[in-house]
Amino acid sequence: MGRHSDAVLSALNLEESRMKLNALFLSMTLLFPAAPGLLAESASSSQRDGSASAGKPNILLILADDLRPDCIGALGNPHIRTPNIDRLVTQGVAFNNCFVMGSNQTAVCTPSRTMLMTGRNLFHMPLDEGRPDNKPSVPVDFQMLRAAGYDTFYLGKNGRTYNPGCRTADRCEFFSETFSAKNKDICPDKVVAYLREPERAKRPFYISFAISVPHDPLSPAPEDLALYKGENAPPLPPNESVSHAAFAGFELRDTNCRAFGAGPAGSLFSTAPEEKRREALAAYYAVMTGYDKQIGRVLDELEHTGLAKNTLVVFASDNGLSFWDHGLIHKQSLYETDNRVPLIIRGPGLPAGQKRGTFVYLSDLLPTLLDLIGVPVPTSVETKSFAPCIKDPQLVHRKNIYMAYRREIRTFRDEQYKLVLYNVAYSKARSTQLFDLKADPYEKNNLAKNPEQAERVRRMIAQAHEAGKELGDDYQGKDAGRNAIMSKLRFWSTWDMRHEFGPGDVQNFPEKYIIDGTKEEWGD
Ligand SMILES: [Ca+2]
């Protein structure tokens, strides 16, 4: 076993890893004191000669856009064809309870990708995504990897991500086109060309391959669509007929499936006939199959060049998607289909063909990757490495998950139960849901009104509030007042005053409790 694999394996030993990281961190801190921005620039002179990075594993991160957690063949969907992602499942470790912490805006891709790149939590993430020339205010993955001697390459969506962070990669190529039969080879061609460059054998690389697929609009190749016709058309989700009363009066941005009869933008429930709904889902499956072929080309090239044996490959998605689950067609709820995402990790010395059920946040991935390659995690990173859980199926990374959607929704989830709190319709209504996910994985039966669950609901609300406080929810820092986007996250400070209302379905509030009576503009 070479030293590459040793590096990965040793990082999996928690105690040993921590000791090494502490020592490394000390030296890193001395080299690059905490000020953001110093990381990459200092590194270019001191470490980029390759000596400090010799032997470290390469990293290929493949980040899908709006991929449902149930649309990978080898993870239990017999209707979809994803043979190349299946290959990663067979050769790697799949985390089946990976969650995105939520969103401060309707465009949920942006905060998810920002959290992933910075390791900051939702309530502390940088918001400086405006000017083309600005630098990230918090260190990002590319800077950290460059500091460790890596050559870095971003190939992905432009906008709806943390653009200042993307621009810090050695090579940054934005790809804004809709993935289609016509352009499907452009991005994999670029990755393959990069892998063929002689430099790849000399210095470790980090590729973030993060194009906007299978995000709408859906434009599958005819040959892929043909796979999902007739009796091969995928079935609609088991909860597609369950209406979502909690969103009464709550307007949401629609996924752009209007060509399939999803109704006008902003409408919540789709009224499309079943035939149209199934047509749209088939198109989504077909786009995934086309995307999978392109991923296959990149994985094949890793094999052909011999780089695969020293490359960590990660496949994940920035968020999920409802496809008429609960009558919704979007990703702006905290149901499992919207915020749970696939996460598969394959690498030298890591287990193959295994699954993990422990809770992780997608944004835990950054410290995990740094951990796996033996690079200290900067103090700006708030999330934590789950690298030890890749090797040991018994370890618990997080006991529960807290998620937020703007000011309207909070959820707290343990292994069995999920509490969802709604504060919607511009503070005119609230609702509470409790699901037993072991008995009801599709979140169809709201138990919040059952008298025997009242104590659990009360306890979980308290736990949710505590978890929110720990993460900085209702953030009162300087950004909170200055930045309108962050201020849209206020939830608990408005929730507390309503404690006299018990859990249940939508309840209307007296006018005196209405905080923002005026209709606000929906951010994009
Ligand atoms: Ca997305």
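Residues numbered from 1 in each chain as written. Predicted model: local features only at pLDDT ≥ 70, side-chain atom pairs only at ≥ 80, totals over all residues.

Visitor: Which residues make up the overall build of the protein, and what values go with them?
Guide: A count of helices and strands for the protein gives 17 helices and 17 strands. Residue pairs at least 24 apart in sequence account for 71% of intrachain contacts in the protein once pairs closer than 6 positions are excluded. (Helix = DSSP H or I, 4+ residues; strand = E, 2+ residues; numbered from the N terminus. Contact = placed C-beta atoms within 7 Å.)

Visitor: Lay out the nonpolar core with the relevant residues and their values.
Guide: Counting residues in each nonpolar core, the largest one holds 121 residues, and the members touching the most others are Phe99, Ile207, Phe209, Tyr284, Val287, Val314 and Leu362. It is helix α10 (residues 274–304) that contributes the most residues to this core, 13 residues altogether. Counting the residues that make up this core, at least three belong to each of domain 1 (24–398) and domain 2 (402–521). Not counting the four nearest positions on each side in its chain, Val287 is found in contact with Phe179, Val213, Pro214, Leu218 and Pro220. (Core = buried A, V, L, I, M, F, W, Y, C linked by C-beta atoms within 7 Å. Buried ≥ 20, exposed ≤ 12 C-beta atoms within 10 Å, placed from the backbone. Domains from an automatic or database assignment.)

Visitor: I'd like to hear about the pairing of strand β14 (residues 409–413), residue by residue, with values.
Guide: The two faces of a sheet get side chains in turn, since along a regular strand they alternate between them. Among the 5 residues of β14, 5 are classified as buried, and the element is accordingly described as predominantly covered. Burial along β14 is two-sided: the residues Ile409, Thr411 and Arg413 and Arg410 and Phe412 are all buried. Pairing between strand β13 (residues 401–405) and β14: 5 bridges, direction antiparallel. If you follow Tyr402 over to β14, its bridge partner there is Phe412. Between the antiparallel neighbours β13 and β14 lie 3 residues, among them Arg406 with a positive phi of about 45 degrees. (Pairing = 2+ DSSP bridges.)

Visitor: Now, about the sheet that holds strand β9 (residues 340–341): what can you tell me, with residues and values included?
Guide: Pairing within the open sheet is mixed, and its 3 strands lie in the order β9-β3-β12. Either end of the sheet is taken by a strand with one partner, and the two such strands are β9 and β12 (360–361). By the bridge criterion, 2 bridges tie strand β3 (residues 98–99) to β9 in an arrangement that is antiparallel. Pairing of Phe99 across the sheet is with Arg340, part of β9.

Visitor: Go over the pairing of strand β7 (residues 205–210) with me, naming the residues and quoting the values.
Guide: Burial analysis of β7 places 6 of its 6 residues in the buried class, which makes it a mostly covered element. Of the two faces of β7, both are covered, the one formed by Phe205, Ile207 and Phe209 as well as the one formed by Tyr206, Ser208 and Ala210. Here 6 bridges tie strand β5 (residues 151–156) to β7, and the two strands are oriented parallel to one another. Within β7, the position partnered with Leu155 by the bridge is Phe209.

Visitor: Break down the packing of helix α8 (residues 186–196) against α10 for me, with residues and values.
Guide: The geometry of α8 relative to α10 is characterised by a closest axis approach of 9 Å and an angle of 10 degrees between their N-to-C directions. Classed by the angle they form, the pair α8 and α10 counts as roughly parallel. Residues Cys187, Pro188, Val191, Val192 and Leu195 of α8 touch α10, and the partners they reach there are Gln294, Arg297, Val298, Glu301 and Leu302. Looking at side-chain class alone, the contact of α8 with α10 contains 7 nonpolar, 1 polar and 2 charged residues. (Axes fitted to C-alpha atoms, helices over the stretch in contact; angles between N-to-C directions. Parallel < 35°, antiparallel > 145°, perpendicular 65-115°, else oblique. Nonpolar A, V, L, I, M, F, W, Y, C, P; charged D, E, K, R; others polar.)

Visitor: So what's going on with the sheet that holds strand β1 (residues 58–64)? Residues and values would help.
Guide: Read from one edge of the open sheet, 8 strands run β6-β5-β7-β1-β8-β10-β2-β11, paired in mixed fashion. Each edge of the open sheet is held by one strand with a lone partner, namely β6 (171–174) and β11 (354–356). Geometrically, the sheet is characterised by an average inter-axis angle of 10 degrees between neighbouring strands, direction not taken into account. Pairing of β1 with β7, which is carried by 4 bridges, proceeds in the parallel orientation. Directly across from Ile59, in β7, lies its bridge partner Tyr206. Contacting β2 (93–95), β8 (311–317) and β10 (343–346), helix α4 (residues 83–91) runs over the sheet at an angle of about 65 degrees to β10.

Visitor: Mind laying out unusual backbone geometry, listing which residues take part and the relevant values?
Guide: Note the cis peptide between Val213 and Pro214, where omega equals 5 degrees. Residue placement: Pro214 occurs in the loop between β7 and α9 (222–225). Not every positive phi belongs to a glycine, and Arg160 is a case in point at roughly 55 degrees. The phi dihedral of Trp324 falls on the positive side, at around 70 degrees, and the residue is not glycine. Assignment of secondary structure puts Trp324 in the loop between β8 and α11 (336–339).

Visitor: For the confidence of the model for the protein, give the residues involved together with the corresponding values.
Guide: This prediction gives the protein a mean pLDDT of 81; 74% of its residues lie at or above 70. This model gives residues 1–50 a pLDDT under 50, and the stretch forms 72 contacts once residues within four places in sequence are excluded. Long-range and interchain partners of residues 248–259, a stretch whose pLDDT sits below 50, account for 39 contacts in this model, where long-range means more than four residues apart. (pLDDT = per-residue confidence, 0-100.)

Visitor: I'd like a rundown of the environment of Arg430, residues and numbers included.
Guide: Mapped onto the elements, Arg430 comes out in strand β16 (residues 429–436). Separated by 21 residues in sequence, Arg430 and Ile409 have C-alpha atoms that sit 9.5 Å apart.

Visitor: Break down the packing of α4 against α10 for me, citing the residues and quoting the values.
Guide: Orientation of α4 relative to α10, taken along the N-to-C sense of each, is 55 degrees, at an axis distance of 7 Å. Between α4 and α10, the crossing angle belongs to the class labelled oblique. Residues Pro83, Asn84, Ile85 and Arg87 of α4 form the contact with α10, whose participating residues are Asp292, Lys293, Ile295, Gly296 and Leu299. Within the contact of α4 with α10, the residues separate by chemical class into 4 nonpolar, 2 polar and 3 charged.

Visitor: Go over the environment of Thr311, please, and point to the residues and values.
Guide: Among the structural elements, Thr311 can be located in strand β8. Residue classification places Thr311 among the buried residues on the basis of 24 C-beta atoms within 10 Å. If we ignore the near neighbours within four places in the chain, the residues touching Thr311 are Pro57, Asn58, Leu60 and Leu302.

Visitor: An account of helix α12 (residues 365–372) is requested, with residue identities and associated values reported.
Guide: Counting buried residues in α12 gives 8 out of 8 residues, a clear majority hidden from the surface. One or two residues past the end of α12 sits Gly374, with phi positive at roughly 70 degrees.

Visitor: Describe the environment of His215, listing the residues and the values that go with them.
Guide: Positionally, His215 belongs in the loop between β7 and α9. Considering only alpha carbons, one finds His215 and Val287, 72 residues apart in sequence, at a separation of 9.0 Å. Beyond its immediate chain neighbours, meaning those up to four positions away, His215 contacts Asp65 and Asp66.

Visitor: Talk me through α4; I want residue IDs and the actual numbers.
Guide: What α4 keeps buried is the set Asn84, Ile85, Leu88 and Val89. On an axial view of α4, the arc spanned by its buried residues comes to 160 degrees, and they lie on one face. Check the buried side of α4 and you find it contacts β2, α10, β8 and β10. (Arc of directions from axis to C-beta.)

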